[in-house]
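Below, each chain spelled out in residue letters.
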Amino acid sequence: MEYLNEGGTKALMRSGYREAKSYFEDALRMAEGLPSNGDTVSQRVRLRTGLGLALMNIKGTHPAAVLIFYSGSLRLCEHSENGQERFQLLFGIWNCHLFGSNLDSAHKTASELLETASDKDDYQRLEAHHSMWTTKINFGQSSDAIFHLDRAKDLSINANRSKWRTYGYHDPLVCSQSMGAIARWSLGYFDQARRSAREGVETAEQVGHPMTYIVASMAAATVCYHCGEFEAARRHATAQLKVATDLAISPWRERSAVTLARLMVDEHRHDEALRILDANLPVAGAARWMMSGSLALGMGAEIYTLAGQPERGLELLCRFSSDQLAGLLCGPELHRLYAEVLLVRSPAAIDEAAARLRTAVALAQRHQTKAFELRAALSLARLLAPRDRIAAHE
């Protein structure tokens, strides 16, 4: 059983999630057949934690199913005094809430992680802040996330970066640099965002963990794309696609493909871009409440519109209700895109488009996301300015 556990742990270190799943399932079957005592309960919890990590990264596994699995494991912890095991399971439960669109529960569990983390364990405190900055950024609270992001560097200095804890999903220091880049870009700190994205990729290369590198490359591609550095965005998205494809990690593979398809449209490679989009968007945009999922759907809407299919672009954007958009980091941008796509399909729909753009500006102001506010304000100014004045400046 220990051999199988070690095999599963090593597979997690390589981001070999299907291999890890096989090892942990075999070990768990053995553990379930042993008499229940403190040692065997601890073994089962450890194996279940590893299996949950593997399941969360395998295509087709719904977060709700993993949540049930983790919750059952947490009940086992009631008979164990191992605080580390309980913390790891809570972290897994938070991840399930986040990916399963249970936003209130994700924030509540992140708060519980902060309360549960031991004052003597910098790694637990680091992961607790990790859960909080990720939750806040995904749901439009970038300014509130900065406090938690800024704690990462100091905590990582003395953190026990053991293989099990560091390599189970991705490195939290790299995540702080990479997600911090996206947060700072959204707040309008563009130079800081580019620097943080570079640091994330450099640190990920030093860590040498595939899933960590995917996270860093995704953030770098996103920041570079929105800062107009398209060749750099292509380079990072291509690197992300290669690693995610080699290890069959979804939805990261599909999301990088959508980014590359968006860049193809600017090269007038419409047919190729549409083929890639149709093949990858169903997975890439499935978790539309997540920042990366909503970004993929926004890019998909742009691709369809630029390729002459604005109806399909609007169809994607109509998947979001106004209430949902109000709680997403990308909510203002998706409102803006709806207005732009609507005007392509129906040029006379000026009033509806203007209303959407005003909503985008107001929402961005509420979130303090200057980047999205600027984009929406420019779109609104172009719409309302006299046509002859626009022509004179073009």
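Please read these numbers as outputs of a predicted model, since none were measured by experiment.

Trainee: Can you tell me about the packing of aromatic side chains, naming the residues and giving the values?
Mentor: For the coordinates displayed, the defined rule picks out four aromatic pairs. Consider the rings of Phe 91 and Trp 94, whose centres lie 5.0 Å apart with planes at 45°: the pair is tilted. Note that Phe 91 and Trp 94 are positioned in helix H5 (residues 83-99) at a spacing of three residues, about one turn of the helix. Among the residues examined, Trp 94 registers a relative accessible area of 2% and is labelled buried. Taken together, the ring pairs in this structure connect Trp 185, Phe 190 and Phe 372 into an aromatic cluster. The positively charged end of Arg 255 is found above the aromatic ring belonging to Trp 252, 5.8 Å away from the centroid. One cation-aromatic arrangement involves Arg 356 over Tyr 338; the distance from NZ or CZ to the ring centre is 3.8 Å.

Trainee: Now, about helix H1 (residues 2-13): what can you tell me, with residues and values included?
Mentor: The end-to-end C-alpha separation of H1 is 16 Å, in line with the 16 Å expected for twelve residues at 1.5 Å each. Following H1 by one or two positions, Ser 15 has its phi on the positive side, about 60°.

Trainee: How would you explain empty space enclosed by the protein if you had to name every residue and give the values?
Mentor: Under the criterion given, the structure shown has three cavities of 30 Å³ or more. For the largest cavity, the calculated volume is near 200 Å³. Together, 19 residues line the largest cavity, and Phe 99, Thr 134, His 170, Trp 252 and Met 290 are the ones closest to its centre. Of all the secondary-structure elements, those providing two or more residues to the lining of the largest cavity are H5, helix H7 (122-138), helix H10 (172-186), helix H12 (210-226), helix H14 (252-265) and helix H16 (291-306). Class assignment of the residues belonging to the lining of the largest cavity gives a composition of twelve nonpolar, six polar and one charged. In terms of lining residues, the second largest cavity is bounded by Met 218, Ala 221, Thr 222, His 226, Gln 240, Arg 255, Ser 256, Thr 259, Ser 292, Leu 295, Ala 296 and Met 299. Elements that contribute at least two residues to the lining of the second largest cavity include exactly H12, H14 and H16. The class makeup of the residues in the lining of the second largest cavity is five nonpolar, six polar and one charged.

Trainee: Explain unusual backbone geometry to me, and be specific about the residues and the numbers.
Mentor: For the bond from Ser 250 to Pro 251, the omega torsion is 5°, close enough to zero to count as cis. Inspection of the secondary structure puts Pro 251 in the loop between helix H13 (230-246) and H14. A positive phi angle is found at Ala 248, which is not glycine, with a value near 55°.

Trainee: Could you give an account of the pattern of salt bridges, naming the residues involved and the relevant values?
Mentor: Summed over the entire model, instances satisfying the criterion amount to 20 salt bridges. Among the ionic pairs, Glu 25 bridges to Lys 21, the shortest N-O distance being 3.1 Å. Placement of the pair is Glu 25 and Lys 21 together in helix H2 (residues 17-32), with a separation of four residues, close to one helical turn. For Lys 21, a relative accessible area of 26% gives the class partly exposed. In this structure, the salt-bridge partner of Asp 150 is Arg 184, at a minimum N-O distance of 3.1 Å. Highlighted residues: Asp 150 in helix H8 (residues 142-158) and Arg 184 in helix H10, separated in sequence by 34 residues. Within the structure, one salt-bridge network assembled from shared partners comprises Glu 231, Arg 234, Glu 267, Arg 269 and Glu 272.

Trainee: Could you give an account of the confidence of the model for the protein, naming the residues involved and the relevant values?
Mentor: Confidence along the protein averages 88 in pLDDT terms, with 92% of residues attaining 70 or more. Taken as a whole, residues 388-393 scores under 50 in pLDDT and shows two contacts with residues more than four places along the chain or in a different chain.

Trainee: Help me get a handle on the packing of H10 against helix H11 (residues 190-207), residues and values and all.
Mentor: Relative orientation of the contacting elements H10 and H11 amounts to 160°, with a least axis distance of 8 Å. Considering the angle they form, H10 stands roughly antiparallel to H11. Here H10 and H11 pass one another in a crossing that is left-handed. Here H10 contributes Leu 173, Val 174, Gln 177, Ser 178, Gly 180, Ala 181, Arg 184 and Trp 185 to the contact with H11, which in turn contributes Phe 190, Gln 192, Ala 193, Ser 196, Ala 197, Glu 199, Gly 200, Thr 203, Ala 204 and Val 207. Residue classes in the contact of H10 with H11 are distributed as nine nonpolar, seven polar and two charged.

Trainee: Could you give an account of the side chain of Thr 134, naming the residues involved and the relevant values?
Mentor: Among the secondary structure elements, Thr 134 is positioned in helix H7. Separated by 2.8 Å, the side chain of Thr 134 and the backbone oxygen of His 130 make a polar contact. Contacts of Thr 134, omitting those with residues within four sequence positions, involve Trp 94, Leu 98, Cys 175 and Met 179.

Trainee: Which residues make up the nonpolar core, and what values go with them?
Mentor: In a soluble, globular protein the nonpolar side chains are often hidden away together inside. The biggest cluster of nonpolar side chains holds 126 residues, and the ones touching the most others in it are Trp 133, Ile 137, Met 211, Trp 252, Leu 281 and Met 291. Take this core: its biggest share by element is twelve residues, from H12.

Trainee: Outline H16, supporting the account with residue identities and numerical values.
Mentor: The end-to-end C-alpha distance of H16, which contains 16 residues, comes to 23 Å, matching closely the 22 Å that a straight helix rising 1.5 Å per residue would cover. When you tally the buried positions in H16, you get 15 out of 16 residues, the bulk of the element. Following H16 by one or two positions, Gly 308 has its phi on the positive side, about 90°.

Trainee: Describe the environment of Phe 139, listing the residues and the values that go with them.
Mentor: For Phe 139, the position within the fold is in the loop between H7 and H8. For the pair Phe 139 and Ser 111, spaced 28 residues apart in the sequence, the C-alpha separation amounts to 15 Å.

Trainee: Residue-level account of the environment of Val 344, with values.
Mentor: Checked against the element boundaries, Val 344 lands in helix H19 (residues 331-345). Residue class for Val 344 comes out partly exposed when judged on its relative accessible area of 47%. It is 25 Å that separates the C-alpha atoms of Val 344 and Leu 328, two residues lying 16 residues apart in sequence. Residues within four places of Val 344 in sequence aside, it is in contact with Thr 305 and Pro 310.

Definitions and cut-offs
Residues numbered from 1 in each chain as written. Predicted model: local features only at pLDDT ≥ 70, side-chain atom pairs only at ≥ 80, totals over all residues. Heavy atoms only, no water. Phe/Tyr/Trp six-rings, centres within 6.5 Å; stacked < 30°, edge-to-face > 60°. Helix = DSSP H or I, 4+ residues; strand = E, 2+ residues; numbered from the N terminus. Buried < 20%, exposed > 50% of the residue type's maximum accessible area, 1.4 Å probe, protein only. Lys NZ or Arg CZ within 6 Å of the ring centre and 35° of its normal. Expected span 1.5 Å × (residues − 1). 1 Å grid on protein atoms, 1.4 Å probe; cavity = no way out; pocket = protein on both sides within 12 Å on 5 of 7 lines; lining within 4 Å. Points joined across faces, edges and corners; volume = space filled by probe spheres on them. Nonpolar A, V, L, I, M, F, W, Y, C, P; charged D, E, K, R; others polar. Salt bridge = Lys/Arg side-chain N within 4 Å of Asp/Glu carboxyl O. pLDDT = per-residue confidence, 0-100. Contact = heavy atoms within 4.5 Å. Axes fitted to C-alpha atoms, helices over the stretch in contact; angles between N-to-C directions. Parallel < 35°, antiparallel > 145°, perpendicular 65-115°, else oblique. Left-handed = near helix turned anticlockwise from the far one by under 90°. Polar contact = N/O pair within 3.5 Å; in protein donor to acceptor, adjacent residues only side chain to side chain. Core = buried A, V, L, I, M, F, W, Y, C linked by side-chain atoms within 4.5 Å.

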